[in-house]
Amino acid sequence: MASADPALRRARAPAARYPVVIVGAGINGAGLFRDLSLQGVDCLIADANDVCAGASAGPSRLIHGGIKYLETGEFRLVAQSTLERNLLLKNAPHYVKPIETVLPIPSWFGGIVPSILRFLGRPAKLKDRGVLITKAGLAMFDWFGRRHRVMPRHGVALHARTRADFPDMADNIVATATYYDARITHAERLGLELLLDGMEANPGSLAVNHLALEGAEGGALLLRDTVGGALHRVEAGIVVNAAGAWIDGANEALGLPTRYIGGNKGSHLLVDNPRLLHALGGRMVYFGAADGRVALLYPFMGLVLVGSTDIPVTDPDEVRCTPEERDYMIGTVREIFPHIPIKPDEVVYTYCGVRPLPRSDASDPGSVSRDHSIRTDRLPGSGAPVHSLIGGKWTTFRGFAAEAADLVLKDLGRPRRLSTELMPIGGGRDYPATADERRALLAAIARAGASPARAETLLERYGTRAGAVARWCADRQDAPLPALPAYTRAELGYMMENEMVGRLTDLLFRRTDIALSGRLTPEVARAAAAVGGDVLGWDAARQADELRRVGERAAAFHGMDRAFAPGEAA
């Protein structure tokens, strides 16, 4: 195991050569970095922005078995998705939690013909999934999810029970079906923990954010530090392009003209509507909208998460959740809960990402396969393999990483030393499985310097890494942030010092749930920037620049116009 602190190794410049260089620290790249590092392979992973800042920060935040893939006959993907979901519930229990999921059903026999057509690969809009087709699909779904099963099987409630459970649901719903999937409470932190685990396992591996691929020269990669400006020349025995929606752009920088990606934008809303939150009763409602798209809503951080759209895009750098998308998603909620109005000003946060789907001529964006694949080219100047990781999703990242790692290990002529299938991630290691174990762990965190209530909060945020955070805070003069007492100065300082924070946006949008929960204000941002001054040595000019970036991102990307205006120095 490594003796050096990952934060200290983060501050080092990359070495001149690595056996493997991974471009892109989204969930595909992060999963591969950990897997290869665990096999003893020295890796560099570099991201032009931050860990899980692209599509990996824009999902529906579900770890799901892919029930909708049954309709297109993608049984292998369903089998893999249900297995990986069950494994993540075991390996990352601090962030991956079960969620009871409800399917509103508007008819008894609807959807049979379109389902058959879709199953045969024929185009068909599936606007009505009746009781019979839903029951058959869920029986298959339960069967596929039998390996490492940790959740109950499905059930069906008819009209009277549905009315009792959901009095605000639309009158045309004749029944509901219930099954269990999973959600991820803080996706971006799980991605970070994969990198920290990889660096802990192998001192020769290094993860660096804000390090952009500029090009290639003589078989070496040219990587630019976008914060400090330094240019690094790194030779790679193997290159893995895990840049997601930016894969073709990264390949172009390497001198490889490819057309692998045809990304679709998916946008989501976080809505502050107590009546809607109460109507859900802690459950997710997953349904087919009137236009045939699949929609969802579920409780998330005291709000309601609503999604999503599926729109082809050409430039992943320019995607935003538009007012039209916001209105569309509000309209889909009205289809199921017509008596609960959602006002535009109740949308406290919006986000979107570009799904790195394979290029396709399909007229229906939703019909493009969510499966993954790997394409291989050769780096001009050296002939080194360049493996592009296409597709993939949060649920199946571990399995995809294992497939990619096996390919890289074959290139290197090295055997796999161990499997990640049953390996805990980060704060999921030694996570309490019983109430007694949880009480014992909370007592230990409290002894490290936290009150009982604070220990609960830290356990929810960091899993079994909470004790380290509590000790760090206890060793320093700590105090809650006046603008947001749920966080303390030392807690933010811990993340800045130990969790690869290069920009204030990293802290506020990904390391914490401050922005995601709709609690980001100029006052909170200023307090966090001041902590950056103390911990990272940011002077007044640097703090002002970081605040400007936060304000611009909050207003332009996330619709937080009530708190920030474009260009405002928070």
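Residues numbered from 1 in each chain as written. Predicted model: local features only at pLDDT ≥ 70, side-chain atom pairs only at ≥ 80, totals over all residues. Heavy atoms only, no water.

Caption draft 1: Representation of the overall build of the protein chain in the model. Each helix and strand in the protein chain was counted, giving 18 helices and 20 strands. Across the 570 residues in the protein chain, those meeting the buried criterion constitute 58%. Taking as baseline every contact in the protein chain between residues at least 6 positions apart, the subset at least 24 positions apart corresponds to 71%. Accessible area of the protein chain: about 22100 Å², with a carbon and sulfur share of 54%. (Helix = DSSP H or I, 4+ residues; strand = E, 2+ residues; numbered from the N terminus. Buried < 20%, exposed > 50% of the residue type's maximum accessible area, 1.4 Å probe, protein only. Contact = heavy atoms within 4.5 Å. Areas by Shrake-Rupley, 256 points an atom, 1.4 Å probe, with all protein chains shown as cover.)

Caption draft 2: Here's a closer look at a nonpolar patch on the surface. A surface patch of nonpolar side chains, amounting to about 360 Å² of accessible area, comprises Trp108, Leu132, Val156 and Leu158. Here Leu132 shows up in helix H5 (residues 131-144). Taking the relative accessible area as the measure of exposure, Leu132 reaches 42% and is therefore partly exposed. (Patch = residues over 30% accessible without salt bridge, like charges linked within 9 Å, V, L, I, M, F, W, Y side chains within 5 Å. Salt bridge = Lys/Arg side-chain N within 4 Å of Asp/Glu carboxyl O.)

Caption draft 3: Seen up close, helix H15 (residues 489-498). Along H15, eight of the 10 residues are buried, which leaves the element largely enclosed by surrounding structure. Among all positions in H15, only Ala490, Glu491, Leu492, Gly493, Tyr494, Met495, Met496 and Asn498 are buried.

Caption draft 4: Representation of the pairing of strand S11 (residues 264-271) within the structure. In terms of residue burial, S11 counts as a mostly covered element, since eight of its eight residues are buried. Side chains Asn264, Gly266, His268 and Leu270 project from S11 onto one buried face, and the interleaved Lys265, Ser267, Leu269 and Val271 project onto a second face that is buried too. Examined bridge by bridge, S11 and strand S15 (residues 311-312) share two bridges and lie antiparallel to one another. Looking across to S15, one finds that Lys265 is bridged to Ile311. Here S11 pairs with strand S16 (residues 347-355) via eight bridges, running antiparallel. Bridging across to S16, Lys265 finds its partner in Val354. (Pairing = 2+ DSSP bridges.)

Caption draft 5: Representation of the nonpolar core. Counting residues in each nonpolar core, the largest one holds 71 residues, and the members touching the most others are Ile445, Leu504, Leu507, Leu508 and Leu520. When sequence neighbours within four positions are dropped, the list of residues in contact with Ile445 reads Ala450, Ala455, Leu458, Leu459, Ala466, Gly467 and Ala470. Judged by nonpolar contacts, the second largest core, of 44 residues, contains Cys43, Ala92, Leu196 and Ala404. (Core = buried A, V, L, I, M, F, W, Y, C linked by side-chain atoms within 4.5 Å.)

Caption draft 6: Main features of the environment of Thr176. Relative to the helices and strands, Thr176 resides in strand S6 (residues 175-184). When the C-alpha atoms of Thr176 and Arg161 are compared, they prove to be 8.7 Å apart, with 15 residues separating the residues in sequence. Beyond its immediate stretch of four places on either side in the chain, Thr176 contacts Val102, Leu103, Pro104, Ile105, Gly155, Val156, Ala157, Thr162 and Met169.

Caption draft 7: A look at the packing of aromatic side chains. According to the stated counting rule, one finds four aromatic pairs in the structure shown. Taking the centre distance of 6.3 Å and the plane angle of 90° together, the rings of Tyr298 and Phe300 count as edge-to-face. Like Tyr298, the residue Phe300 is buried in the burial classification. Considering the side-chain rings of Trp394 and Phe397, the 6.0 Å spacing of their centres and the 80° angle between planes classify their relative orientation as edge-to-face. Among the residues examined, Phe397 registers a relative accessible area of 2% and is labelled buried. Geometry around Tyr487 places Arg461 over its ring, the cationic atom sitting 3.7 Å from the centre. When the ring centre of Phe509 is taken as origin, the NZ or CZ atom of Arg553, which lies over that ring, is 5.6 Å away. (Phe/Tyr/Trp six-rings, centres within 6.5 Å; stacked < 30°, edge-to-face > 60°. Lys NZ or Arg CZ within 6 Å of the ring centre and 35° of its normal.)

Caption draft 8: Region of the structure containing unusual backbone geometry. Here Gly307 and Ser308 are connected by a cis peptide whose omega angle stands at -15°. Secondary-structure assignment places Ser308 in the loop between strand S14 (303-307) and S15. One non-glycine residue, Cys52, lies in the positive phi region at around 50°. Within the secondary structure, Cys52 is located in the loop between strand S2 (43-47) and strand S3 (62-63). If you check the backbone angles, Met301 has positive phi at about 55° while not being a glycine. With respect to the element layout, Met301 can be found in the loop between strand S13 (294-300) and S14. For Met301, a relative accessible area of 31% translates into the label partly exposed.

Caption draft 9: Just the pattern of salt bridges, in detail. Under the counting rule described, the total for this entry stands at 35 salt bridges. Across the salt bridge formed by Glu491 and Arg454, the nearest N and O atoms sit 2.7 Å from each other. Within this pair, whereas Glu491 is found in helix H15, its partner Arg454 is found in helix H13 (residues 452-462), the two being separated by 37 residues in sequence. On the basis of relative accessible area, Glu491 is assigned to the buried category, the value being 0%. Its salt-bridge partner being Arg519, residue Asp513 comes within 2.6 Å of it at the nearest N-O pair.

Caption draft 10: Summary view of the environment of Gly58. Turning to its location among the elements, Gly58 is positioned in the loop between S2 and S3. Sequence spacing of Gly58 and Val354 is 296 residues, and the spatial spacing of their C-alpha atoms is 7.7 Å.

Caption draft 11: Looking closely at the environment of Asp142. Here Asp142 shows up in helix H5. The exposure class of Asp142 is buried, given its relative accessible area of 10%. Along the chain, Asp142 and Tyr180 lie 38 residues apart, while their C-alpha atoms are 9.4 Å from each other.

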